[in-house]
Amino acid sequence: MESTEKSLLLGTPGDYRPMAYHEPFTDSYRGFDIELAWRIAAEFGYEVVFKEISWDMLAHDAKTDAFDMAIGGISRTPQRKEELILSDSYLETGKTILCREVDAARFGSLADVDRPGVRVLYNPGGTNEDFVKTHLHHADCRYPGLHRSGQGGCHDHGDGGGSLLHAAGASSGRTAPGASLHA
């Protein structure tokens, strides 16, 4: 799919609050990274056209010109740096435990999460999946729609993330206090 002359075809998974997410009530995209994309497009006189992409197909879609630019909490990984054209990072964060407010005191460390009976949800195909496969061996790790015991990830704000990716051709939770995850 190609952009028209004055449009920027923007790929985003749209599942990554607060960076980039699809708001079903208004059928629109929102978030910090989406606002940044709007500003970039406006600076160059382009209209933004959104294309939903998936984490596991991100590199493939970039290499096949499925979009002009991708955004949405994309972490700078060694593999992505080798295969793709990435912007400089504009946000440094890390893995964070998100849980119900009533459970916040239970989860102050990675060890508190990696226990039998703790359910961890993650988005497949990105750094969350890699993190959980490496560091969580006892928790019940899943991604929405499928159950994969022993695999999964915690909410990821990007482990060096906040990168723009350029294609080569063109439930309410709380952060547990002090709960950044360090492996």
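Here is what the cut-offs are and how they apply
By convention here, each chain's residues receive numbers from 1 onward along its written sequence. It should be noted that, the model being predicted, local features are given only for residues of pLDDT at least 70 and side-chain atom pairs only at 80 or more, the latter also being counted only at that level, while totals for whole chains, interfaces and linings use all residues. No hydrogens and no water enter the side-chain calculation; it runs on all heavy atoms of the structure. Comment: elements are numbered from the N terminus, with helices defined as DSSP H or I runs of at least four residues and strands as E runs of at least two. When a residue's accessible area, from a 1.4 Å probe over protein chains only, is under 20% of the maximum for its type it is buried; when over 50% it is exposed; and in between it is partly exposed. The contact criterion used is simple: two residues touch if any of their non-hydrogen atoms lie within 4.5 Å. Counted as salt bridges are all cases of a side-chain nitrogen of Lys or Arg within 4 Å of a carboxyl oxygen of Asp or Glu. Should DSSP find at least two bridges between two strands, the strands are taken to pair. The distinction between a cavity and a pocket rests on a 1 Å grid over the protein atoms alone: a 1.4 Å probe fits inside a cavity but cannot get out, while a pocket stays open yet meets protein on both sides within 12 Å along at least five of seven lines, and a residue with an atom within 4 Å of a point counts as lining. Grid points are joined across faces, edges and corners, and a volume is the space filled by probe spheres set on the points. Just so you know the grouping, Ala, Val, Leu, Ile, Met, Phe, Trp, Tyr, Cys and Pro go in nonpolar, Asp, Glu, Lys and Arg go in charged, and all remaining residues, Gly too, go in polar. Working definition: a ring pair exists when centres of Phe, Tyr or Trp rings (six-membered ring for Trp) sit within 6.5 Å. Plane angles under 30 degrees give stacked, over 60 give edge-to-face, the rest tilted. Two limits define a charge over a ring: the Lys NZ or Arg CZ must be within 6 Å of the ring centre, and within 35 degrees of the ring normal.

1. Some details on the side chain of Ser 7
Mapped onto the secondary structure, Ser 7 falls in strand 1 (residues 7-12). Judged by relative accessible area, Ser 7 falls into the buried class, the value being 7%. Leave out the neighbours within four places in its chain, and Ser 7 touches Tyr 46, Glu 47, Val 49 and Asp 68.

2. What to know about the pattern of salt bridges
The full count for this structure, using the stated rule, is 7 salt bridges. For Asp 140, the salt bridge goes to Arg 142, with nearest N and O atoms at 2.9 Å. On the accessibility criterion, Arg 142 (26% relative accessible area) is partly exposed. Sharing partners across several salt bridges, the network here consists of Arg 100, Asp 103 and Arg 106.

3. With respect to the sheet that holds strand 3 (residues 20-23)
Spatial strand order, 2-3-4: 3 strands in an open sheet with antiparallel pairing. Looking at which strands have only one partner, the edges of the open sheet turn out to be strand 2 (15-16) and strand 4 (28-30). Sheet analysis places strand 3 next to strand 4, joined by 3 bridges and oriented antiparallel. When the sheet's bridge partners are listed, His 22 is paired in strand 4 with Tyr 29.

4. As for the layout of surface pockets
The rolling of a water-molecule-sized probe over the atoms marks out the regions of remaining empty space. In this structure, the second largest pocket occupies an estimated 200 Å³ of space. Lining the second largest pocket are 13 residues, with Thr 77, Gln 79, Arg 80, Gly 125 and Asp 130 positioned closest to its centre. Here the element with the most residues in the lining of the second largest pocket is helix 3 (residues 78-83); it accounts for 3 residues. Classifying every residue of the lining of the second largest pocket by side-chain character gives 4 nonpolar, 5 polar and 4 charged.

5. Observations concerning the packing of aromatic side chains
In the structure shown here, the tally under the stated rule is 3 aromatic pairs. Here the aromatic residues Tyr 29, Trp 38 and Phe 50 are joined through ring pairs into a cluster of three or more. It is Lys 6 that lies over the ring of Tyr 46; its NZ or CZ is 5.0 Å from the centre. Lying across the ring of Tyr 21, Arg 17 places its NZ or CZ 3.9 Å from the centre.

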